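An overview of the molecular structure
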Amino acid sequence: MAQITFVCPFCGHYNTRSHDGLYAPRYAVCDACGERFIYEPGLERVNTFKPGEAPCCSDPDCRELEMMAHCEQ
Ligand SMILES: [Zn+2]
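The text that follows walks through the structure, step by step, so that each part is easy to find. Note that the coordinates shown come from a computational prediction; the quantities given were computed from them, not determined experimentally.

We now examine the overall build of the chain. Each helix and strand counted, the chain has one helix and five strands in total. Per-residue burial over the chain gives 15% buried out of 73 residues. Contacts spanning at least 24 positions in sequence make up 25% of the contacts within the chain whose residues lie at least 6 apart.

Following this line, the structure appears as structure tokens:
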């Protein structure tokens, strides 16, 4: 499985995770500071956001709510 590396938005530590190849945003817990944040794999680079600062389409929680809302329509 491929791996991706991204920088913690809290402390700047480089975290490496196995990557399933999907571009959906998901949560990570920093190896260094233990803070939880969002990372979103992209074609060129990985975007990272602090919880609450991500745009809705890049927030795993918000994304689920949106998709549920769309399904009901
Ligand atoms: Zn950190």
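There's more to say after this.
One open sheet holds the three strands; their spatial order is β3-β4-β5, and the pairing between them is antiparallel. Across the chains shown, the open sheet's two edge strands, defined by having one partner strand only, are β3 (26-29) and β5 (46-49). Strand-to-strand twist across the sheet, computed as the mean angle between neighbouring axes with direction ignored, equals 35°. The pairing of strand β4 (residues 36-41) with β5 spans four bridges and is classified as antiparallel. Residue pairing across strands places proline 41 opposite valine 46, the latter belonging to β5.

Pairing of strand β1 (residues 2-7) with strand β2 (residues 14-19), which is carried by six bridges, proceeds in the antiparallel orientation. Within β2, the residue paired with isoleucine 4 across the bridge is arginine 17. Remark: six residues form the turn of the hairpin made by β1 and β2, two consecutive strands paired antiparallel; glycine 12 in that turn has positive phi of roughly 85°.

Of the pairings in the sheet, the one linking β3 to β4 comprises four bridges and is antiparallel in character. Each bridged residue has a counterpart across the sheet, and for alanine 28 the counterpart in β4 is phenylalanine 37.

With that settled, consider the environment of isoleucine 38. Within the secondary structure, isoleucine 38 is located in strand β4. Classification of isoleucine 38 as buried rests on a count of 21 C-beta atoms within 10 Å. Each C-alpha atom, one on isoleucine 38 and one on glycine 52, is 9.4 Å from the other, the two residues being 14 residues apart in sequence. Here isoleucine 38 is in contact with Pro25, Tyr27, Thr48, Phe49, Pro51, Ala54, Ser58, Asp59 and Pro60, once residues within four sequence places are set aside.

On to the environment of alanine 28, then. Along the polypeptide, alanine 28 turns up in strand β3. A count of 16 C-beta atoms within 10 Å places alanine 28 in the partly exposed class. Ignoring anything within four residues of it in the chain, the contact list for alanine 28 reads Asn15, Arg17, Phe37 and Tyr39.

Rules behind the numbers
Residues numbered from 1 in each chain as written. Predicted model: local features only at pLDDT ≥ 70, side-chain atom pairs only at ≥ 80, totals over all residues. Helix = DSSP H or I, 4+ residues; strand = E, 2+ residues; numbered from the N terminus. Buried ≥ 20, exposed ≤ 12 C-beta atoms within 10 Å, placed from the backbone. Contact = placed C-beta atoms within 7 Å. Pairing = 2+ DSSP bridges. Axes fitted to C-alpha atoms, helices over the stretch in contact; angles between N-to-C directions.

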